[in-house]
Amino acid sequence: MKITTAITLSAATILSSHESTAFTAPRAHQLIAPSKGFSTLRSTLVDETDTINKQQLTEEQTQENYITETVANTQKSFQDDGFVFGLEGSGLERVKGRGANVVVEGDSLETTPQQVAMVSGTFAGQALIAANAIHELYTHTNGNAPVTALISLATIVSSWVAADLGSGILHWSVDNYGNGRTPVMGNIIAAFQGHHSAPWTITYRGFCNNVWKLCIPFGLPTVAAISFVAGPENPMVSLFFSFFCFSEIMSQELHKWSHMTKKETPAIVNTLQGLGITIGRVPHAQHHMAPYDGNYCIVSGFCNEALDNSGFFRWMEHKIYEINGVESNSMKLDPELRAKTLRGEYRLTQ
């Protein structure tokens, strides 16, 4: 647990090091207005009073007017500093109703053949590795089918729980740190934070269009590498990570289902949500309440209560703040939450 926490803290700290302060208006010295002189046409036809009024518009006033106009007319994108949940200063707008709003530049709601090929190949490869792992386990138990089934089931269940925890840690980190300009993770961060500006967009995506991006970090190369290192003598490791990576990829689809009504999802989905096997609508809806400080796990949501009641994420945010002075987006959105966190009051139920 200490190793996991240390790795998580290090990763979040790296993300946060690229964070910039949101909701901060540009200071006057950051914009330099072109110099404008105001010459007065001297003419006997011009009244002296009008000349004095023109001269009252000083160079300082001209500078302030230029700054105000520039800031007002500047359109930010998802990459700009200050990107926080598609709110003030981000250049994004909340779509009223169940509208779609693609945040990441170059992204599309259209499913492509390349996405279908990537997802299909990934799942097929993971299934083969998992099946081979079960076969190896069957050999190790000398053909004892009940024992093989019991061990396999226990491995899959533990992998499912671990995947839920992993989804929560990833979700928390990209929701709270970094922006579109963060190296490597920039697009993922922008997509997760932008999701808060138009939550319904995800429901317009087809299956492969929705999950294909997660096939990159959790795809076949990752599972194959882990299985190779573990070797045939450790089939449970291969089975565990095959199902873990499959679950992380599927988390985005499970997430999508939590934004859909019961009439829009198949009966089996409603049953799985009712049993708590996949993330439900009500628990995830609680995450979409500002300042978005809890309920981050999106596989089953099983770990949410323990993480939120223990104050795990608030503790992480406090430690990151102590290391580099960067505040989480949740802290920026809620001064009271910020004060509690810095006082060491981490539990969300307090």
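Residues numbered from 1 in each chain as written. Predicted model: local features only at pLDDT ≥ 70, side-chain atom pairs only at ≥ 80, totals over all residues. Heavy atoms only, no water.

Draft legend 1. Inspection of helix 4 (residues 113–140) at higher detail. The terminal C-alpha atoms of helix 4 lie 41 Å apart, and with 28 residues this matches the ideal 40 Å at 1.5 Å per residue to within 8%. Buried-residue contacts for helix 4 involve helix 5 (145–176), helix 7 (207–211), helix 8 (220–230) and helix 9 (235–257). Positioned one or two residues after helix 4, N142 has a phi angle of 60°, which is positive. (Helix = DSSP H or I, 4+ residues; strand = E, 2+ residues; numbered from the N terminus. Expected span 1.5 Å × (residues − 1). Contact = heavy atoms within 4.5 Å.)

Draft legend 2. Quick peek at the state of the cysteines. Inspection of every chain in the model, using the stated rule, returns zero disulfides. Between C303, a cysteine without a disulfide, and C297, which holds the nearest cysteine sulfur, the sulfur-to-sulfur distance is 5.1 Å. (Disulfide = S-S within 2.5 Å.)

Draft legend 3. Representation of the packing of helix 5 against helix 9. Axis separation between helix 5 and helix 9 bottoms out at 8 Å; the angle between their running directions is 45°. Judged on the interaxial angle alone, helix 9 and helix 5 are oblique. As for how helix 5 packs across helix 9, the hand of that crossing is right-handed. Across the interface between the two elements, I151, S152, T155, I156, S158, S159, W160, A162, A163, G166 and S167 of helix 5 pack against M236, L239, F240, F243, F244, S247, E248 and L254 of helix 9. (Axes fitted to C-alpha atoms, helices over the stretch in contact; angles between N-to-C directions. Parallel < 35°, antiparallel > 145°, perpendicular 65-115°, else oblique. Left-handed = near helix turned anticlockwise from the far one by under 90°.)

Draft legend 4. How the structure looks around a nonpolar patch on the surface. On the surface, L153, V157, V161 and F302 cluster together into a nonpolar patch covering about 380 Å² of accessible area. By secondary structure assignment, the location of V157 is in helix 5. (Patch = residues over 30% accessible without salt bridge, like charges linked within 9 Å, V, L, I, M, F, W, Y side chains within 5 Å. Areas by Shrake-Rupley, 256 points an atom, 1.4 Å probe, with all protein chains shown as cover. Salt bridge = Lys/Arg side-chain N within 4 Å of Asp/Glu carboxyl O.)

Draft legend 5. Representation of the side chain of S247. Locating S247 in the fold gives a position in helix 9. One polar contact links the side chain of S247 to the main-chain carbonyl oxygen of F243, over a distance of 2.7 Å. (Polar contact = N/O pair within 3.5 Å; in protein donor to acceptor, adjacent residues only side chain to side chain.)

Draft legend 6. Representation of the confidence of the model for the protein chain within the structure. For the protein chain, the average pLDDT comes to 80, and 71% of its residues sit at 70 or higher. Throughout residues 18–49 the model reports pLDDT below 50, and contacts reaching past four residues in sequence, or to other chains, amount to 42 contacts. Here residues 86–90 is modelled with pLDDT under 50, and outside its nearest four sequence neighbours on either side it reaches 15 contacts, counting other chains as well. (pLDDT = per-residue confidence, 0-100.)

Draft legend 7. The pattern of salt bridges, seen in detail. Throughout the structure, instances matching the rule amount to eight salt bridges. The residue E253 makes a salt bridge to K256 at a minimum N-O spacing of 2.9 Å. Within this pair, E253 and its partner K256 are both found in helix 9, separated by three residues, close to a single helical turn.

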